[in-house]
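What follows is the residue order along each chain.
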Amino acid sequence: MAGPKEVSAREAEVLAALAGGRSNAQIARQLQISIRTVESHVSALLRKYGVSDRHELAGLATVDQGFTTPTGPGTSRTPGWHRPHP
């Protein structure tokens, strides 16, 4: 399973909310977007991370797994999730 090189700021927000155990409807309310938009972001994240379900995806969004939110120069989409290279 390979992590993506970068995700959009909105995808990072959806991923963080998903990792917090929120449903698509709760994420939609929190981010003030439609449920369909949340579903699209979740689908994109599943493809980017190469996982088959939202539980696996949520597990990837933990600090324990080495995921961070990049900041600073050279980060075209901040915040965004990425997995540092070993």
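Refer to the preceding data block for the structure.
Conventions used here
- Residues numbered from 1 in each chain as written.
- Predicted model: local features only at pLDDT ≥ 70, side-chain atom pairs only at ≥ 80, totals over all residues.
- Heavy atoms only, no water.
- Helix = DSSP H or I, 4+ residues; strand = E, 2+ residues; numbered from the N terminus.
- Buried < 20%, exposed > 50% of the residue type's maximum accessible area, 1.4 Å probe, protein only.
- Contact = heavy atoms within 4.5 Å.
- Areas by Shrake-Rupley, 256 points an atom, 1.4 Å probe, with all protein chains shown as cover.
- Expected span 1.5 Å × (residues − 1).
- Axes fitted to C-alpha atoms, helices over the stretch in contact; angles between N-to-C directions.
- Parallel < 35°, antiparallel > 145°, perpendicular 65-115°, else oblique.
- Left-handed = near helix turned anticlockwise from the far one by under 90°.
- Nonpolar A, V, L, I, M, F, W, Y, C, P; charged D, E, K, R; others polar.

Enquirer: Any chance you could explain the overall build of the protein here in plain terms?
Expert: Summing up its helical and strand segments, the protein has four helices and zero strands in all. Reading the secondary structure of the protein in the N-to-C direction produces α-α-α-α. When each of the 86 residues of the protein is scored for burial, the buried share is 35%. Within the protein, residue pairs in contact and separated by at least 24 positions form 51% of the contacts whose partners lie at least 6 positions apart. Surface exposure of the protein reaches about 5,200 Å², of which carbon and sulfur atoms provide 51%.

Enquirer: How should I be thinking about helix α3 (residues 35-49) in this particular structure?
Expert: Here α3 is 15 residues long and its end C-alpha atoms lie 21 Å apart, about the 21 Å a rise of 1.5 Å per residue gives. On its buried face, α3 sits against α1 (9-19), α2 (24-31) and α4 (54-60). Two residues or fewer past α3, G50 is found with a positive phi of approximately 65°.

Enquirer: What should I look at first to understand the packing of α1 against α2 in this one?
Expert: Here α1 crosses α2 at 130°, and the two axes come no closer than 10 Å. Relative to α2, the element α1 lies oblique. The two elements α1 and α2 cross, and the hand of that crossing is right-handed. Listed contacts from α2 to R10, E13, V14, A17 and L18 of α1 are I27, Q30 and L31. Among the residues making up the contact of α1 with α2, the classes are represented as five nonpolar, one polar and two charged.

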